[in-house]
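# Understanding the architecture of this molecule
Take a look at the letters that make up each chain.
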Amino acid sequence: MSIQQNLNILKTPVSNNPEKSPFNAGETMAEQTKKLTVLLLGSGGRECALAWKMAQSPALNHLYIAPGNGGTDAYGENVDLSPLDFDAIAQFATEKGVDMIVVGNEDPLVAGIYDYFEGREGSPIIAGPSKAGAALEGSKDFAKQFMVRHGIPTARYQSFTAETLADGEKFLEELKAPYVLKADGLAAGKGVLILDSLDEAKSALREMLGGMFGKSSATVVIEEFLKGIECSVFVLTDGNGGYRILPVAKDYKRIGEGDTGPNTGGMGAVSPVAFADETFMRKVEERIIIPTVKGLVDEGITYRGFIFLGLIEVGGEPMVIEYNVRMGDPETEVVMLRIASDLLPLIEAAARGNLSTMPLELDARYATTVMVVSGGYPGSYAKGKVIEGTEECKDAILFHAGTKREADGTLVTSGGRVIACSAYGENLDDALAHSFKAAGEVTFEGKYFRRDIGSDLRAIEEALGMK
Ligand code: AMP
Ligand code: GLY
């Protein structure tokens, strides 16, 4: 497998969006190269992996993580701030001289953190999209309309509200089972229902429009079901048409082995992904990434951060299942391992709008992560279980998610997904062996992990003659 090229900038120059943001106006070179004080928002495994990567940067002065977790404090200083309390974040940023805020999770972006800081005297730069850009994740209807406007391949769809319920039922009758119903707004990853029968789909539509996900399902997107294998592609873009494609990954969403049982926040991930080869990635770049980046610029939507493309391969062709406006979790826990370059200057360049001259080198090795979770997750589970064995793990990097440190230093569980055991390998099996070994060594009462992460890709690698 060759390494993706990443020195892309749009072939057609994208003009008409001169620096709208005041952030990079009038900066001297000295200011642009000074060491950065960074505030990272979030508390999951994704943020732990981002903190791990940024902490290695010679360009970093100091890293704060708000609120962070029991592992992020190995790479920076945890601060007890809510990522949604913009006033408190602004006050903290002024007090501590924060140069850049990197937003890990979608909520502050959808709530408009970029717009809040834009144009404020002395404010930090923000790595992330404006509120208008965050609507790519915050409104599935907006995302679908955007894709249609820019000819980006995605499932056929229509959107409905309580007033158009009858039309929604008719549209369902035109489709074949299974039926895909999506709450328009954010629903903590639970807003997508896939129903096997028309009756179930009609009643789910009524319930969703009746408030099943509160305001988030006041509009429901109904779309054609696509059959294929999924992968996640991440792009860093600078709002001026410059972009870099980060390593492709595949995550494992279901709790049970063989992709069974309820959805979770993610049970593991692998990078690279055998079927996302050069030919596939070229199609992704030409048909999806370039039109997305150019579409944002052309529509005057400020977007300086990560774009997550949830893709599905249907008969060799990539189609977009969803956009997210942040990195993926647990994909970040493998993607960070596969970025050889210093990521911090790249994120800074994206936030300042000048990514196009920045190199991005990848690590050719495989990376895998296996998530150890609390017993009972994604249903109810106990917290406060003492975690042991983390010191013994030598071959894996442990990215903490639901962990916290008690006042006496004891590490305990504080969430469903507890630790992502990430590892390198010369091949898939090698990386997985390290991840599984670490997942075995970390212990707490009720621990569970999937032992089949990556096994579908092993079969694909064999079929493609890669073994
Ligand atoms: P989302 O919350 O948009 O990530 O959707 C959750 C999951 O539902 C996706 O990862 C897919 O596995 C599945 N899904 C969403 N849309 C479709 C579709 N049109 N066809 C098949 N599966 C889908
Ligand atoms: N791994 C999927 C997500 O982050 O939404």
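Preceding block: the structure.
All values derive from a computational prediction rather than experimental measurement. Along each chain, the written sequence defines residue order, and numbers are assigned to residues from 1. Labels follow written order: the first chain is A, the first ligand is 1, and so on. Thresholds applied to this predicted model are a pLDDT of at least 70 for local features of residues and 80 or more for the giving and counting of side-chain atom pairs; totals over whole chains, interfaces and linings are not thresholded and use all residues. With hydrogens and water set aside, each side-chain value is computed from the structure's full complement of heavy atoms.

## Regarding the site of ligand 1
The criterion for a residue being near a molecule or strand is simple. One of its heavy atoms has to lie within 4 Å of it. Within the structure, ligand 1 sits among 13 residues, and E223, E224, L226, E230 and E322 are positioned closest to it. Polar contact criterion, stated in full: a pair of N or O atoms within 3.5 Å, where within protein one must be able to donate a hydrogen and the other to accept it, and residues adjacent in sequence count only if both atoms are side-chain atoms. A distance of 2.8 Å separates a nitrogen atom of ligand 1 from a polar atom in the backbone of L226. Between ligand 1 and E322, the relevant distance is 2.7 Å, taken from an oxygen atom to a side-chain nitrogen or oxygen of the residue. Using a 1.4 Å probe, the Shrake-Rupley method yields the accessible areas, and only the shown protein chains count as cover for residues. Protein contact buries 88% of the 470 Å² of open area that ligand 1 shows by itself. Those elements giving two or more residues to the shell around ligand 1 turn out to be β7 (179-183), β8 (192-195) and β17 (317-324). In this classification, Asp, Glu, Lys and Arg are treated as charged, Ala, Val, Leu, Ile, Met, Phe, Trp, Tyr, Cys and Pro as nonpolar, and every other residue, Gly included, as polar. When its residues are assigned to classes, the shell around ligand 1 shows 6 nonpolar, no polar and 7 charged. The secondary structure listing takes helices from DSSP runs of H or I that are at least 4 residues long and strands from runs of E that are at least 2 residues long, numbered from the N terminus.

## Here we look at the side chain of T237
The topology assignment puts T237 in strand β10 (residues 229-237). On the accessibility criterion, T237 (3% relative accessible area) is buried. Residue contacts follow a heavy-atom distance rule, with two residues in contact if any of their heavy atoms lie within 4.5 Å. T237 has contacts with G242, Y243, V293, Y303, R304, G305, I307, A350 and L355, leaving out every residue within four places of it along the chain. Exposure is judged per residue with a 1.4 Å probe applied to protein chains only, and the accessible area is read against the type maximum: over 50% gives exposed, under 20% gives buried, and values in between give partly exposed.

## Focus: a nonpolar patch on the surface
Taken together, the side chains of V192, I194 and F225 make up a nonpolar region of the molecular surface, amounting to roughly 240 Å² of accessible area. When you line up the elements, I194 lands in strand β8. I194 sits in the partly exposed class, given a relative accessible area of 48%. Each patch is built from residues lacking any salt bridge and having more than 30% relative accessible area; the joining distance is 9 Å for like charges and 5 Å for nonpolar side chains (Val, Leu, Ile, Met, Phe, Trp, Tyr). One side-chain nitrogen of Lys or Arg within 4 Å of one carboxyl oxygen of Asp or Glu is enough to make a salt bridge.

## A word on the sheet that holds strand β6 (residues 157-161)
Strand pairs in the sheet, formed through backbone hydrogen bonds, run parallel or antiparallel to each other. In short, DSSP must find at least two bridges between two strands for them to pair. Spatial strand order, β6-β9-β7-β8: 4 strands in an open sheet with antiparallel pairing. Looking at strand neighbours, the two that pair on one side only are β6 and β8, the edges of this open sheet. Between one strand and the next, the sheet's axes are offset by a mean angle of 25°, whatever the strand orientation. In the sheet, β7 pairs with strand β9 (residues 219-223) via 4 bridges, with the strands oriented antiparallel. In the strand pairing of β9, V180 is matched with E223. With respect to the sheet, helix α8 (residues 165-174) is in contact with β6, β7 and β9, its orientation differing from that of β6 by roughly 150°. Fitting a line to C-alpha atoms yields each axis, with helices limited to the stretch in contact; the angle taken between N-to-C directions then spans 0 to 180 degrees.

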